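Chain residues, written in single-letter form:
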Amino acid sequence: MVFAIDEINRNSNLLPNVTLGYSLYDNCATLGIGFRASLSLASGQEEQFLLDETCVGAPPVLGIVGDSYSTFTIAMSSVIGLYKLPIVSYFATCPCLSDRQRFPSFFRTIPSDTFQVRAMIQILKHFGWTWAGLLVSDDDYGLHAARSFQSDLAQSGGGCLAYAEILPWGNDPIELRKIVNLIKKSTARVVIVFAHEIHMINLMEEVVRQNVTGLQWIASEAWTSVSLLQTPRLMPYLGGTLGIAIRRGEIPGLREFLLQIRPDLHYNNSYGNNIVNQFWEYTFQCRFAPPPAGWVEAGGALCTAQEDLENAETELFDVSELRPEYNVYKAVYALAYALDDMLHCVPGRGPFSGNSYAGLQRLEPWQLVHYLQNVNFTTPFGDEVSFDEDGDVFPIYDVMNWLWLPDGRTKIQNVGEVKESAEGEELTLDEDKIFWNSESKQPPRSVCSESCPPGTRMARKKGPPECCFDCIPCSEGKISNKTDSMECTSCPEDFWSSPQRDHCVPKKTEFLSYHEPLGIFLTTASLLGTFICVVVLVIFTYHHNTPMVRANNSELSFLLLGSLKLCFLCSLLFIGRPRLWTCQLRHAAFGISFVLCVSCILVKTMVVLVVFKASKPGGGASLKWFGAVQQRGTVLVLTSIQAAICTAWLVSASPAPHKNTQYYNDKIVYECVVGSTVGFAVLLGYIGLLATISFLLAFLARNLPDNFNEAKLITFSMLIFCAVWVAFVPAYVNSPGKYADAVEVFAILASSFGLLVALFGPKCFIILLRPERNTKKAIMGRG
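The following refers to the structure shown. (Residues numbered from 1 in each chain as written. Predicted model: local features only at pLDDT ≥ 70, side-chain atom pairs only at ≥ 80, totals over all residues. Heavy atoms only, no water.)

What about the packing of helix H6 (residues 173-185) against helix H7 (residues 197-210)?
Working step 1: Contact geometry of H6 with H7 gives a least axis separation of 10 Å together with a crossing angle of 60°. Comparing the axis directions of H6 and H7 gives the class oblique. Crossing hand, H6 versus H7: right-handed. For the pair H6 and H7, contact is made by Leu176, Arg177, Ile179, Val180, Asn181 and Lys184 and by Asn202, Leu203, Glu206, Val207, Arg209 and Gln210, respectively.
Working step 2: Residue composition of the contact of H6 with H7, grouped by class: five nonpolar, three polar and four charged. (Axes fitted to C-alpha atoms, helices over the stretch in contact; angles between N-to-C directions. Helix = DSSP H or I, 4+ residues; strand = E, 2+ residues; numbered from the N terminus. Parallel < 35°, antiparallel > 145°, perpendicular 65-115°, else oblique. Left-handed = near helix turned anticlockwise from the far one by under 90°. Contact = heavy atoms within 4.5 Å. Nonpolar A, V, L, I, M, F, W, Y, C, P; charged D, E, K, R; others polar.)

Notes on the packing of helix H15 (residues 554-570) against helix H21 (residues 738-769)
Working step 1: At a minimum axis separation of 9 Å, H15 and H21 run at an interaxial angle of 155°. With respect to each other, H15 and H21 are oriented roughly antiparallel. Considering the relative orientation of H15 and H21, their crossing is left-handed. Here Ser557, Leu560, Leu561, Leu564, Cys567, Phe568 and Cys570 of H15 come into contact with H21, specifically with Ile748, Leu749, Ser752, Phe753, Leu755, Leu756, Leu759, Phe760 and Lys763.
Working step 2: Each residue belonging to the contact of H15 with H21 can be placed in one class, and the counts come to 13 nonpolar, two polar and one charged.

Considering the nonpolar core
Working step 1: The biggest cluster of nonpolar side chains holds 66 residues, and the ones touching the most others in it are Phe590, Phe721, Trp725 and Phe760.
Working step 2: Among the elements that line this core, the one with the most residues is H21, at 14 residues.
Working step 3: With near-sequence residues (within four places) excluded, Phe721 lies in contact with Phe594, Val598, Ile687, Ala691, Ser751 and Leu755.
Working step 4: Counting 46 residues, the second-largest nonpolar core is a separate cluster that includes Phe288, Val332, Cys345 and Val393. (Core = buried A, V, L, I, M, F, W, Y, C linked by side-chain atoms within 4.5 Å. Buried < 20%, exposed > 50% of the residue type's maximum accessible area, 1.4 Å probe, protein only.)

Re the packing of aromatic side chains
Two descriptors summarise a pair of aromatic rings, namely the distance from one centre to the other and the angle between the planes of the rings.
Working step 1: Under the defined criterion, the tally for this structure stands at 23 aromatic pairs.
Working step 2: The interplanar angle of 25° and the centroid separation of 4.8 Å between the aromatic rings of Phe127 and Trp129 together place this pair among those described as stacked. The pair formed by Phe127 and Trp129 is uniform in burial state, with each residue classed as buried.
Working step 3: When the centroid spacing of 6.1 Å and the interplanar angle of 90° are considered together, the rings of Trp129 and Trp436 count as edge-to-face. Here Trp129 is found in the loop between helix H4 (113-127) and strand S4 (131-137), whereas its partner Trp436 is found in the loop between strand S15 (424-429) and strand S16 (456-460), with 307 residues between them in sequence.
Working step 4: Residue Trp129 is classed as buried on the basis of its relative accessible area, which comes to 1%.
Working step 5: The exposure class assigned to Trp436 is buried, which follows from its relative accessible area of 5%. (Phe/Tyr/Trp six-rings, centres within 6.5 Å; stacked < 30°, edge-to-face > 60°.)

Topic: the pairing of strand S24 (residues 667-673)
Working step 1: Among the seven residues in S24, five count as buried, and that is most of the element.
Working step 2: The pairing of strand S22 (residues 508-510) with S24 spans three bridges and is classified as parallel. Along S24, the bridge assignment pairs Thr509 with Ile668.
Working step 3: Across five bridges, the pairing between strand S23 (residues 656-660) and S24 is antiparallel. Bridging from a neighbouring strand, Lys659 pairs with Tyr670 of S24.
Working step 4: Here S23 folds back onto S24, and the loop between the two strands holds six residues. (Pairing = 2+ DSSP bridges.)

Re the state of the cysteines
Working step 1: Going through the model one piece at a time under the given rule, you end up with eight disulfides.
Working step 2: Between the sulfur atoms of Cys94 and its disulfide mate Cys96 the distance is 2.4 Å. Around the S-S axis, the bridge from Cys94 to Cys96 shows a dihedral of about 130° and counts as right-handed. Here the two residues Cys94 and Cys96 agree in accessibility, since each one is buried.
Working step 3: A sulfur-sulfur distance of 2.0 Å marks the disulfide that ties Cys160 to Cys467. Remark: Cys467 occurs in the loop between S16 and strand S17 (469-473) and Cys160 occurs in strand S5 (residues 160-167); sequence separation between them is 307 residues. Grouping residues by exposure puts Cys160 and Cys467 together as buried.
Working step 4: Its sulfur unpaired, Cys533 is 8.5 Å from the next cysteine sulfur, which belongs to Cys567. (Disulfide = S-S within 2.5 Å.)

As for H4
The α-helix winds at 3.6 residues per turn, so residues separated by three or four positions along the chain end up facing the same way.
Working step 1: With 15 residues, H4 should cover 21 Å at 1.5 Å per step; its first-to-last C-alpha distance of 21 Å lies within 8% of that length.
Working step 2: Of the residues making up H4, those classed as buried are Asp113, Phe115, Gln116, Val117, Ala119, Met120, Ile121, Ile123, Leu124 and Phe127.
Working step 3: At the N-terminal end of H4, a side-chain oxygen is found 3.0 Å from the backbone nitrogen of Thr114, two or three residues along, and the residue is Ser112.
Working step 4: Note on H4: the residue one or two positions beyond its end, Gly128, has a positive phi of about 70°. (Expected span 1.5 Å × (residues − 1). Polar contact = N/O pair within 3.5 Å; in protein donor to acceptor, adjacent residues only side chain to side chain.)

Let's talk about the side chain of Gln230
Working step 1: Relative to the elements of secondary structure, Gln230 occurs in the loop between strand S7 (216-219) and helix H8 (235-238).
Working step 2: Given a relative accessible area of 15%, Gln230 falls into the buried group.
Working step 3: A distance of 3.0 Å separates a polar atom in the side chain of Gln230 from the backbone oxygen of Val226.

Structural notes on a nonpolar patch on the surface
Working step 1: Side chains of Met1, Tyr22 and Leu24 sit close together on the surface and give an oily, nonpolar patch of about 300 Å² of accessible area.
Working step 2: Turning to its location among the elements, Met1 is positioned in the segment before helix H1 (2-9).
Working step 3: Overall, the relative accessible area of 33% leaves Met1 in the partly exposed class. (Patch = residues over 30% accessible without salt bridge, like charges linked within 9 Å, V, L, I, M, F, W, Y side chains within 5 Å. Areas by Shrake-Rupley, 256 points an atom, 1.4 Å probe, with all protein chains shown as cover. Salt bridge = Lys/Arg side-chain N within 4 Å of Asp/Glu carboxyl O.)

Looking at the environment of Leu556
Working step 1: Mapped onto the secondary structure, Leu556 falls in helix H15.
Working step 2: Of the residues examined, Leu556 reaches a relative accessible area of 3% and is grouped as buried.
Working step 3: Filtering out sequence-adjacent residues up to four positions away, Leu556 remains in contact with Cys600, Val603, Lys604, Gln631 and Val635.

Description of the pattern of salt bridges
Working step 1: Scanning the entire structure with this criterion turns up 21 salt bridges.
Working step 2: A salt bridge links Glu321 to Arg323, with the shortest nitrogen-to-oxygen separation between them at 2.7 Å.
Working step 3: Since its relative accessible area comes to 4%, Arg323 is described here as buried.
Working step 4: For Asp494, the salt bridge identified is with Lys659, shortest N-O distance 2.8 Å.

Description of the sheet that holds strand S14 (residues 410-421)
Working step 1: Ordered by their spatial adjacency, eight strands build an open sheet running S5-S4-S6-S7-S8-S13-S14-S15, and the pairing between neighbours is mixed. Strands with a single pairing partner mark the edges of an open sheet, and in this sheet they are S5 and S15. For this sheet, the mean inter-axis angle between neighbouring strands, taken without regard to orientation, is 25°.
Working step 2: Where S4 lies against S5, seven bridges are found, and the strand directions are parallel. Looking across to S5, one finds that Leu135 is bridged to Glu165.
Working step 3: The sheet strands contacting helix H5 (residues 140-156) are S4, S5 and strand S6 (190-194), and the helix crosses S4 at an angle near 155°.

Side note on the side chain of His587
Working step 1: Within the fold, His587 resides in helix H16 (residues 580-614).
Working step 2: Accessibility expressed as a relative area gives 3% for His587, which makes it buried.
Working step 3: The residues contacting His587, other than those within four sequence positions of it, are Phe574, Trp649, Val674, Phe680, Leu683 and Glu744.

Looking at the sheet that holds S24
Working step 1: Spatially, S22-S24-S23 is the arrangement adopted by the three strands of the open sheet, whose pairing is mixed. Strands with a single pairing partner mark the edges of an open sheet, and in this sheet they are S22 and S23. The mean angle between the axes of side-by-side strands here comes to 25°, regardless of whether they run parallel or antiparallel.

Take it as geometry only, folks, not as evidence of what the structure does.
So this is what it looks like as C-alpha cells:
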C-alpha cells in the first residue's frame, strides 16, 4: 500500500498537484480492534479541514483499503456504509458483500466467492468428480461459501456432496476426530475446503494421526498458497492439491522499494519502527542497543541498521508470487483514479443534481463512491480494473497445483486459469503439468455410482443424494444411446432394440420364404405334384385309345389332370414375401382351381350314375340329356360361379399384404389379410358343398356292378379331400403368421396328392403294369 501511494505521488499524470497520505491500522486479527479502527477513520472526517496554503487541520480520509477477513469487513462496511465512505477490500470474498442495499459503498479487487464456487464446480466437471465432500470454516466466509456451493452445484447438475461439515475454531480434538472419521469412511475421494490457514493446520494434524491418504484436496484461495502446510510431513497427504488462487500480478519496482527498509534509531519507540526493528533482529539474528542481559557475553551481535538486505534469506523480497499484495496495489490505484476522475470534472457538467461537481474543497465521500463505481484503468501488468454494479471486480483466478518434487522440496505451480466469459465460467488447464499424488499419476475417480453405459437408464436410490443411483437395463424394444440416460426411448414401429439395448435395429421379418427349410419342402412338394401330373398326362395321352383312358369321358380326365396341376402350382403363390398381386391371386387361383377339379369329379360321378341308369330297360333317354356338351357346360357353370364369388370378393374387400406386429415384439410378420372373412368363407364353403355332393353321389354309386367302378375311387378321393379340409379350418385359425400360410399350402398339397393318387394311381397301375386288364371286356367284367 505504501509503495502504491508513493508511486502515485511521483506520477505527474495521476493526481497532479495532489499528494496522498495514509493512516495504517493493524487489526491484530481481532474483530473489535479492526472495527474500532474503521470507526476512527470514519469519524475523523468530522474534524474541520481547510484546504488552503497552510493546510490547517487533519486531512480527511477519502477511502479505506481492507479488511482481509469477510466477517470483519461485513461489520466495518455496515457502519462505514452509513457514512457513504468508500471501502475497497483486497481479500474479503463473502458473496453477501455484493448486496448493494446493505453495503452501498463497498468495493473489492478480489472476486466474490460466488465465482470461486463456480470455478471449483468447473474443475469438478472437468475431471468428472461428481461425488465430493465439503468442509467450511465457522464464519461468514465458510458458511456463505457452503450455501452458495450447495445451491450452484445442484443447479449445474455437476454432482452432489457426500457430506458438508463445519470446521471448528481452535483445536477441538473431538469434533476434528469426528470429521476425519467421516472423511475416512466416505467413498468420496475429493475434499473441498473453504477455510483459513489455522483450520487446515488443525485438520491436517488429525488427518496425519489417522493416516488418511488417497484424497484429492481442493483448496480455496484462503489457504492455496500457505507455506506452513507445504512441509515434508504433510505433503504425503496434501501433495497434488488443486487450489484456486488470487490472480498473480507483477509490481515493477516493489522489490527495490522493500530493499530500502531501514530501522530508524532515533524513533525506536514508534509502533511502525518497532515492527521494523523486530523484522531486522529476526532476519539478521542481532539485537539493537541496549541488548538483553547476557546477549553480548553469549556471542550475540548488535544491530547497526547497516546490514545488507540484498543477501538476507527472507521471503519478504520474493515478489514472484504477488497475489493479495497485487489486490492491495489495485485497490489503492482504484481510489486514486476515482479521485483523479472527480478532479477532472468540468464545472457545470458534473454528474450530480444541477450538473454540479465535487471539488477537493467540498468533497463528500458519497461523491467519490460514484466515481469509484465508474473507474476503469489498466495496471502495468496489463490487467484491466473496473467494478460491476455490485462493486465486484472482473473475476479471474489462477488454478494452482501442489507439486512434491523427488528431492523432497515442494512447489506451487500455476496449471491454468478460470475466468468469466460471455458463455459462463471458462476453465483452461494444462493437464500435462498437474502432479497427481497417486501411483497411477492419473486423476482419481470420485463418483458415488459409476456412469450408466448406453443400454441402461439411471434409477435413483431412495435416501442417498441424486448422484447415487442404480443402472437398470432398458426393457425390450427400448434403448438409450448415451451415458447416464434418465430414461429409455422406444424404438420406432419397424425397429427393435439391439441385444445391447444401445441402438435400434430393423425388426426381423418373417414370412414363408423359399430359402427356409419349410418353404423349400413345400416348394419341392408342389413342383413334384406338378411333375407327376405332367407324367400322368403324358401316359394318358400316349394311351388315349385304350379302354382305360376312354372310359367315363377321357376329356374330363384330361381336364381334371390340368386342374390338379393348377392346384399344385397355386400353392407357390403362398410362398415368398406377400405382395398385393400375390395376395389377390392366391385365394382366387386356389378357389377356382379346386372348384374346377371338384366340378370335374362331380360330373364324372354323375356320368357313372347316368350310364348305369341307361343300361336298364327304358333308360336310354338319360344319356341324351347328359351328353358330352352338357358335361362341359356343367363344369363351366360350376366354375363360373366360383369365379363370380372371387370377383365380388376382390372388388368389395380385396386381400392385401399386412405387417403384423402383434404376434412377436421383435418381428414383423408379413401376411395377407383376407379382407373379407365372409368372402373367404363363401369361397371355401362352395368348394366344400361341391365336394360333399360329389362324395354323396359317389358313395351311392360305389356298388355298381362294373369291374372297374370309378365311383369307388371318387368316394375314396373325396373322403381324403374332405378330411384334409375339415382338419384345415381349426389348424389355420390357430396358426400364427407364416404357419397359417404353411397350413393352407399343406392342405392344398395334401388334398391334391390325395385326388391324384386316388383317381389316377389305379389307372396308371393297370395301363403300365397290367396291360392285360386294359381291355373293354375286363373293364365291363366279362373278361
